[in-house]
Amino acid sequence: MADKNFSYPNLQGEKITVQDCWRQKENRAEQNAVRGILTKMNVKIVELGENFGRTKFCGYSLYQPQPPRNAKLAPKRFVENAKGFFEEHTQEEKEILMKNYCKQIQTEKVVAYCHYCVRGLKLGGKKTFHLAELLFE
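Given the structure is predicted, the values throughout are model-derived calculations rather than measurements. (Residues numbered from 1 in each chain as written. Predicted model: local features only at pLDDT ≥ 70, side-chain atom pairs only at ≥ 80, totals over all residues. Heavy atoms only, no water.)

J.: Any chance you could explain the nonpolar core here in plain terms?
T.: One recurring pattern in soluble globular proteins is that nonpolar side chains are buried together. Within the largest apolar cluster, 20 residues are counted, with the highest numbers of intra-cluster contacts made by Trp22, Phe86, Ile105 and Leu121. Those elements giving two or more residues to this core turn out to be helix H4 (91-102), strand E3 (109-112) and helix H5 (115-123). Among residues more than four places away in sequence, those in contact with phenylalanine 86 are Trp22, Arg23, Ser61, Leu62, Gln64, Pro65, Gln66 and Phe78. Among the nonpolar cores identified, the runner-up in size contains twelve residues, and Val18, Leu38, Met41 and Tyr113 belong to it. (Core = buried A, V, L, I, M, F, W, Y, C linked by side-chain atoms within 4.5 Å. Buried < 20%, exposed > 50% of the residue type's maximum accessible area, 1.4 Å probe, protein only. Helix = DSSP H or I, 4+ residues; strand = E, 2+ residues; numbered from the N terminus. Contact = heavy atoms within 4.5 Å.)

Written out as structure tokens, the structure is:
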């Protein structure tokens, strides 16, 4: 049930890019909820070309070995559908990958709802916020 007394911050039509997460790429309800919250905050949402189910981004977590529990808990997601991901990269390589990724983002700010995505975008040099940070300044 929605809290009728909750006051959404008013970001006054600011353009902010939304970063969807690879781990949640099939969760359209969550993706729509994020956009609904941003709309209530008076954000002009900027979409990336690889958004919703097309996203291949989860910060630099996809460029390092994954925790073994992931493959055991969700083998389809983390083994079958993760070809080319979770391969070891140096910290320098991760930084280069994140900076190159962030070049496509045209807004000053980016919002994500995954802490891995937030870390990767920050490593890439973008002014990044977790959705909760915008809601509860």
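On we go.
J.: Quick question: what am I supposed to make of the state of the cysteines here?
T.: Following the criterion strictly, the structure yields zero disulfides and no others. Not engaged in a disulfide, the cysteine cysteine 21 finds its nearest cysteine sulfur in cysteine 58; these two sulfurs lie 3.6 Å apart. On the basis of relative accessibility, which here comes to 2%, the residue cysteine 21 falls in the buried class. Its relative accessible area of 0% is what places cysteine 58 among the buried residues. (Disulfide = S-S within 2.5 Å.)

J.: Even after reading the chapter, I still don't get the sheet that holds strand E2 (residues 43-47), so can you show me in this structure?
T.: Two orientations exist for strands paired in a sheet by backbone hydrogen bonds: parallel and antiparallel. The strand order across the open sheet built from four strands is E2-E1-E3-E4, with neighbouring strands paired in parallel fashion. Looking at the sheet topology across the chains shown, the edges are occupied by E2 and strand E4 (127-130). Between one strand axis and the next, the sheet turns through 40° on average, direction left out of account. Judged from the four bridges that link them, E3 and E4 form a sheet pairing that is parallel. Among the inter-strand pairings, alanine 112 is bridged to a residue of E4, identified as histidine 130. (Pairing = 2+ DSSP bridges. Axes fitted to C-alpha atoms, helices over the stretch in contact; angles between N-to-C directions.)

J.: Would you mind showing me how to read the pattern of salt bridges here?
T.: When the charged atoms of two side chains with opposite charge come close together, those side chains can pair. Scanning all chains against the criterion turns up seven salt bridges. For arginine 77, the salt bridge goes to glutamate 26, with nearest N and O atoms at 2.3 Å. Taken as a pair, arginine 77 in helix H3 (residues 75-80) and glutamate 26 in the loop between strand E1 (14-19) and helix H1 (28-40) lie far apart in primary sequence, 51 residues in all. According to the relative accessible area criterion, arginine 77 is buried, its value standing at 14%. The partner of glutamate 50 in a salt bridge is lysine 56, with the nearest N and O atoms 3.5 Å apart. Note on lysine 56: relative accessible area 49%, which makes it partly exposed. (Salt bridge = Lys/Arg side-chain N within 4 Å of Asp/Glu carboxyl O.)

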